[in-house]
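Results of the structural survey
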Amino acid sequence: MKKSFKLFLAAAFFVTEFFVIAIPLMTVSARADGAIQAITHAGFGGGTDVTTRMMLLRARRVLKQDMQLVNKKGGGGAVSMDYMMSLPADGQHTLTWTTGHAVSMALGKTKVKISDMQPLARGTDDPQLFVVNCKADIKDAKKFISTQKSKSLKYGTTHVGGIDDVSAIAFTKKGGLKDPTIVAYKGVAPIKTNLIKGDIDVGVLNLGEALTEINDGTLCVSIVLANNRMAKIKDSPTAKELGIPVSLSTVRGFVTKKGAPAERVKQLEAGMMKAMSHNYYKNFLTEIGLDETSVVGADEWGKQMEEMLTEMTAQLKALGYIK
């Protein structure tokens, strides 16, 4: 990542944290000048956290309202959805909804349904990667596959029953490989730490989550679970190229509680779309190997949410997570 962008991103984090700490969280009200709660389920520094912060940078200015980052961890996103449903349907909050939320819904960890949420906009469509220590011989994709034909590899994921271990299991099942040994961690940082230490073989990550270590040559991407290679890591092949038909992404977008006034919903959607069309956000997408096609409006995002929930439910059933 370029030094200037690192400094910019660090400043963005500082500014966001200042507002979170300096302004006490308030119960959401219907006042036009009230702060908007930007709810996430993710820890600091992960892909969901960074995507939300980057959207907030310009959305505050566009919407002419403060937006406070509110973290509600637990249940793979279930706690954050339940929290959103406890708030009035007044458009004074957003939730960053991800593939992980679809998994939690499919597993029945929450009673919240797709119909309870009003889609606003998608922020990223980020392929799953199998990341390894650059000193390991399995950094070569063909060696990766041949090794796992004879022995199980340890995969680091962020919790069990989510997109990460679904990715690992779907890949090994469809590739006729040994079942993976799943090692679940609370966040991205310990996955990277344990990869570098050699305590696990593979980290299931997104490009933005490991880009610093990839750029400095500590971690390498062995295989990409996407339809096409990614520009930032064009030397890393896709699973499909290797004869294993698996393509899975971590998708992140924004919703609010269903029932918010139509004009307010339009205002939020337009504000987010404008914020994410700014060069700050475009540069962020470029730096994590994505492009502006990641950003889409409410209609397309809503359809993808429904498709994602259907797909994850089917995969979790096939893998034995759901009876």
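Since this is a predicted model, take the numbers as computed values, not measurements.

Our focus in this paragraph is the pairing of strand 2 (residues 67-71). For a regular strand, side chains alternate in direction, first toward one face of the sheet and then toward the other. Counting buried positions over the 5 residues of strand 2 gives 4, a clear majority of the element. For the crossover from strand 1 (residues 36-40) across helix 2 (residues 47-63) to strand 2, the handedness is right-handed.

What follows covers the nonpolar core. As a rule of thumb, nonpolar side chains are buried together in soluble globular proteins. Core analysis: the largest hydrophobic core is formed by 45 residues, its most contacted members being W97, M117, F130, F144, Y155, F171 and I223. The biggest single contributor to this core is helix 11 (residues 298-318), with 6 residues. Not counting residues within four places of it along the chain, the set of residues in contact with I223 comprises Q128, L129, F130, A141, F144, I145, F171, P237, T238, A239 and L242. Listed in part, the 43 residues of the second largest apolar core include M67, V188, F284 and V295.

Under the defined criterion, the tally for this structure stands at 10 salt bridges. Linking R252 and D126 is a salt bridge whose minimum nitrogen-to-oxygen distance equals 3.5 Å. Taken as a pair, R252 in strand 9 (residues 249-257) and D126 in strand 4 (residues 117-133) lie far apart in primary sequence, 126 residues in all. Between R229 and E241 there is a salt bridge, with its nearest N and O atoms 2.8 Å apart. Residue R229 is found in the loop between strand 8 (219-225) and strand 9, and its partner E241 is found in the loop between strand 8 and strand 9; the two are separated by 12 residues along the sequence. We classify E241 as partly exposed; its relative accessible area is 44%. Residues joined in a network through salt bridges with shared partners are D126, E209 and R252.

In this section: the environment of S294. Among the secondary structure elements, S294 is positioned in the loop between helix 10 (279-287) and strand 10 (296-297). Overall, S294 belongs to the buried group, its relative accessible area being 4%. When the C-alpha positions of S294 and V251 are compared, they lie 8.9 Å apart, and in sequence the two are 43 residues distant.

Basis of the calculations
- Residues numbered from 1 in each chain as written.
- Predicted model: local features only at pLDDT ≥ 70, side-chain atom pairs only at ≥ 80, totals over all residues.
- Heavy atoms only, no water.
- Buried < 20%, exposed > 50% of the residue type's maximum accessible area, 1.4 Å probe, protein only.
- Helix = DSSP H or I, 4+ residues; strand = E, 2+ residues; numbered from the N terminus.
- Right-handed = clockwise from strand over helix to strand, strands pointing away.
- Core = buried A, V, L, I, M, F, W, Y, C linked by side-chain atoms within 4.5 Å.
- Contact = heavy atoms within 4.5 Å.
- Salt bridge = Lys/Arg side-chain N within 4 Å of Asp/Glu carboxyl O.

This is a description of form; function is not addressed.
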